[in-house]
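Fold and contact review
Residues per chain are reported as follows:
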Amino acid sequence: MSLRILALALAIPVSACQTLGLDDKPPATNARYSKVVVAALRMPTAVKHATEARMAALLSEKQGIKVFQLSRLPNSDGATGAEGLVRQVINAGAKAVIVIDPFVFSENGKTVVRSIVLSGLRKASPDDVVGKPPLTYKAAIYDVDKVLRVWLDDINSAPSKNKTFEDLAAQAGEQAINKAIAAKAL
């Protein structure tokens, strides 16, 4: 089990955690996974919660999958490192993790490109938070049992002066779920 945890720690980017399980619906006949964790990375807490909640509701509704929000998974052993976070995903019984992470954003008037999804958890820091809506997100799905990324795509943020970061990130999370379903990755 420790080799599996280490392998997942290097493959699955995750952030600080606690859980919300949605209705125990049987998986839809076209669903690849019966239990999934949704994770919004490098976002302020309220934005993470809003994004993961929208992703979880949509995934549960469209695919009939039991969904857990990573930011709400219980941390029974108090570990904050990569192994502890991956253990939380395994303890939830998840078969896949879908991640959305700010990828292209503006920082001090410059365009910055950086993704934990591409660099892996070992370079993640709980203090690394993108404080305003990015231009593009990376979205990825990781198969927990195979320790393999099975899907990756870019999600462009819909620019709007009238929407909050919470609204824009939740909308991007919804786009990620819809793209993943269309690609038959879930």
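Look up a bit, the structure's there.
What this report covers is the structure whose coordinates are included nearby. (Residues numbered from 1 in each chain as written. Predicted model: local features only at pLDDT ≥ 70, side-chain atom pairs only at ≥ 80, totals over all residues. Heavy atoms only, no water.)

1. Quick word on the overall build of the protein
A count of helical and extended segments in the protein gives 5 helices and 6 strands. Secondary structure elements in the protein, listed N-terminal to C-terminal, are α-β-α-β-α-β-β-α-β-β-α. Expressed as a percentage of its 186 residues, the buried residues of the protein come to 47%. Residue pairs in contact within the protein that sit at least 24 positions apart in sequence constitute 73% of those at least 6 positions apart. As presented, the protein carries roughly 8700 Å² of accessible surface, and 51% of it is formed by carbon and sulfur atoms. (Helix = DSSP H or I, 4+ residues; strand = E, 2+ residues; numbered from the N terminus. Buried < 20%, exposed > 50% of the residue type's maximum accessible area, 1.4 Å probe, protein only. Contact = heavy atoms within 4.5 Å. Areas by Shrake-Rupley, 256 points an atom, 1.4 Å probe, with all protein chains shown as cover.)

2. Here we look at the pattern of salt bridges
Tallying each qualifying case throughout the model produces 5 salt bridges. Residue Lys138 is joined to Asp154 by a salt bridge in which the shortest nitrogen-to-oxygen separation is 2.5 Å. Pair noted here: Lys138 is in strand β5 (residues 136-143) and Asp154 is in strand β6 (residues 148-156), with a separation of 16 residues, a long-range link. Overall, the relative accessible area of 10% leaves Lys138 in the buried class. A salt bridge links Lys179 to Asp153, with the nearest nitrogen and oxygen atoms 3.6 Å apart. Linking Lys179 in helix α5 (residues 165-182) with Asp153 in strand β6, this pair joins segments that are 26 residues apart in sequence. (Salt bridge = Lys/Arg side-chain N within 4 Å of Asp/Glu carboxyl O.)

3. Section: the nonpolar core
Core analysis: the biggest nonpolar cluster contains 29 residues, and Met43, Leu59, Ile98, Ile100, Tyr137, Ile141 and Leu186 have the highest contact counts within it. Those elements that place two or more of their residues in this core are β1 (35-40), α2 (45-63), β3 (96-107), β5, β6 and α5. No other element matches the 6 residues that α5 contributes to this core. In contact with Leu59, not counting residues within four places along its chain, are Val36, Val38, Gly64, Ile65, Val67, Ile177 and Leu186. (Core = buried A, V, L, I, M, F, W, Y, C linked by side-chain atoms within 4.5 Å.)

4. Side note on unusual backbone geometry
Even without a glycine there, the phi angle at Arg42 is positive, about 50 degrees. Topologically, Arg42 is positioned in the loop between β1 and α2. By relative accessible area, which is 3% here, Arg42 ends up buried. Even without being a glycine, Lys184 presents a positive backbone phi close to 60 degrees. Along the chain, Lys184 falls in the segment after α5.

5. Focus on the pairing of strand β4 (residues 110-113)
Within a regular strand, the side chains alternate between the two sheet faces. In the sheet, β3 pairs with β4 via 4 bridges, with the strands oriented antiparallel. Its bridge partner being in β4, Phe105 is matched across the sheet by Val112. Hairpin connection of β3 to β4: 2 residues between the antiparallel strands, including Asn108 at a positive phi of 55 degrees. (Pairing = 2+ DSSP bridges.)

6. A few points about the packing of aromatic side chains
Applying the stated criterion across every chain, the model contains 0 aromatic pairs. Against the face of Phe103 rests Lys138, its NZ or CZ located 4.6 Å from the ring centre. (Phe/Tyr/Trp six-rings, centres within 6.5 Å; stacked < 30°, edge-to-face > 60°. Lys NZ or Arg CZ within 6 Å of the ring centre and 35° of its normal.)

7. With respect to the side chain of Ser71
Assignment of secondary structure puts Ser71 in the loop between β2 (66-69) and α3 (82-91). Ser71 gets classed as buried once you look at its relative accessible area, which sits at 6%. Engagement of the side chain of Ser71 in a polar contact is seen with the side chain of Glu52, the distance being 2.4 Å. (Polar contact = N/O pair within 3.5 Å; in protein donor to acceptor, adjacent residues only side chain to side chain.)

8. Considerations on the packing of α2 against α5
Helix-helix packing: each pair is described by the crossing angle between the helix axes and the interaxial distance. One way to put it is that α2 packs onto α5 with a least axis distance of 8 Å and a crossing angle of 30 degrees. Overall, the two elements α2 and α5 adopt an arrangement that is roughly parallel. When you trace α2 past α5, the crossing you get is right-handed. Packed against α2, whose contacting residues are Ala46, Val47, Ala50, Thr51, Arg54, Met55, Leu58, Leu59, Lys62 and Gln63, the element α5 presents Phe165, Glu166, Ala169, Ala170, Gln171, Gly173, Glu174, Ile177, Asn178 and Ile181 at the interface. Of the residues contributing to the contact of α2 with α5, the split by class is 11 nonpolar, 5 polar and 4 charged. (Axes fitted to C-alpha atoms, helices over the stretch in contact; angles between N-to-C directions. Parallel < 35°, antiparallel > 145°, perpendicular 65-115°, else oblique. Left-handed = near helix turned anticlockwise from the far one by under 90°. Nonpolar A, V, L, I, M, F, W, Y, C, P; charged D, E, K, R; others polar.)

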